[in-house]
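Structural overview for review
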Amino acid sequence: DVKVTQSSRYLVKRTGEKVFLECVQDMDHENMFWYRQDPGLGLRLIYFSYDVKMKEKGDIPEGYSVSREKKERFSLILESASTNQTSMYLCASTPGTGSYEQYFGPGTRLTVT
Amino acid sequence: AQSVTQLDSQVPVFEEAPVELRCNYSSSVSVYLFWYVQYPNQGLQLLLKYLSGSTLVKGINGFEAEFNKSQTSFHLRKPSVHISDTAEYFCAVSEWGGNQFYFGTGTSLTVIP
């Protein structure tokens, strides 16, 4: 079974802190994604990566950056956390382009106070 | 880019009754279609997917969905729901040759005993 893990299930940070969310997949997948999920808005794509050191902006990249130094790991960085970044963050991966479904991690619920 | 519409944000239904969750997408280009389920405080799990071939797709937990190309719809159905089906359901679309997935805003299904 494909496994996507996220470093924390729950995280509480203060405004202005730098926050790192880590995602690791164990099936040699090419593509990895970061979404945020908010009630009534569904999943919105923040960034995705289709190869090591490659990244593309999604729909809501402002206030976020990403890093993919190794194929299995995709990090989401909040440079200076703000209260409007309080949300559920979901990581996903796919084997590559094509008819593949996404495999999701359990999510990180981030609260910024 | 695709736009995915889930027409009902909340669907209450009595146990053992049938249910239909509706999903429409915007474009008539060739697409892959997915339904995911999310239980409280968990990531998303794949229920079923349409890639090609038969327009009626069967998934896990007794769910099925029908692809209608002319109406750009992919509605999810179950003939008899159980309490354990209470969850959030997301419809998703990806385009042939594309990397991105487009999600609807979700439908919260509540099964009433």
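Above this text is the structure in question.
Every chain is numbered independently, its residues counted from 1 as its sequence is written. Written order determines the labels here, with chains lettered from A and ligands numbered from 1. With the structure being a predicted model, the display of local features is reserved for residues of pLDDT at least 70 and the display and counting of side-chain atom pairs for 80 or more, all residues being used for whole-chain, interface and lining totals. Only hydrogens and water are set aside when side-chain values are computed; all heavy atoms of the structure are taken into account.

**Topic: the interface of chain B and chain A**
Contacts between the two partners involve 21 residues from chain B and, on the opposite side, 25 residues from chain A. Two parts lose some accessible area (1.4 Å probe) when they are put together, and adding that loss for both gives the buried area. Of the roughly 1,800 Å² buried between chain B and chain A, counting both surfaces, carbon and sulfur atoms make up 55%. By convention in these notes, a salt bridge is any Lys or Arg side-chain nitrogen within 4 Å of a carboxyl oxygen on Asp or Glu. Here Glu101 of chain A ties to Lys49 of chain B by a salt bridge, and the two come within 2.7 Å at their closest N and O atoms. For this analysis, a polar contact is any N or O atom pair within 3.5 Å, provided that within protein one partner can donate a hydrogen and the other can accept it, and provided that sequence-adjacent residues contribute only side-chain to side-chain pairs. At the boundary of chain B with chain A, the tally comes to 5 residue pairs in polar contact (both at pLDDT 80 or more). Each helix corresponds to a stretch of at least 4 residues labelled H or I by DSSP, and each strand to a stretch of at least 2 residues labelled E; elements are numbered beginning at the N terminus. If you list the elements that add at least two residues to the side of chain B that touches chain A, you get strand S5 (31–38), strand S6 (44–50), strand S10 (87–95) and strand S11 (101–103) of chain B. The biggest single contributor to the side of chain B that touches chain A is S5 of chain B, with 4 residues. It only takes one pair of heavy atoms within 4.5 Å for two residues to be counted as in contact.

**Quick look at the nonpolar core**
For this analysis, a nonpolar core means a set of buried residues of the types Ala, Val, Leu, Ile, Met, Phe, Trp, Tyr and Cys, connected via side-chain atoms within 4.5 Å. Note on exposure labels: buried denotes an accessible area under 20% of the residue type's maximum, exposed denotes more than 50%, and partly exposed covers the range between, all computed with a 1.4 Å probe on protein chains only. Judged by nonpolar contacts, the single largest core of 29 residues is most densely connected at Leu33, Trp35, Leu47, Leu48, Phe74, Leu76 and Tyr89 of chain B. Contributions of two or more residues to this core are made by strand S2 (10–14), strand S3 (19–21), S5, S6, strand S8 (64–68), strand S9 (73–78), S10 and strand S12 (107–112) of chain B. By size, the runner-up hydrophobic cluster in this structure holds 20 residues, among which are Val4, Tyr47, Tyr64 and Cys91 of chain A.

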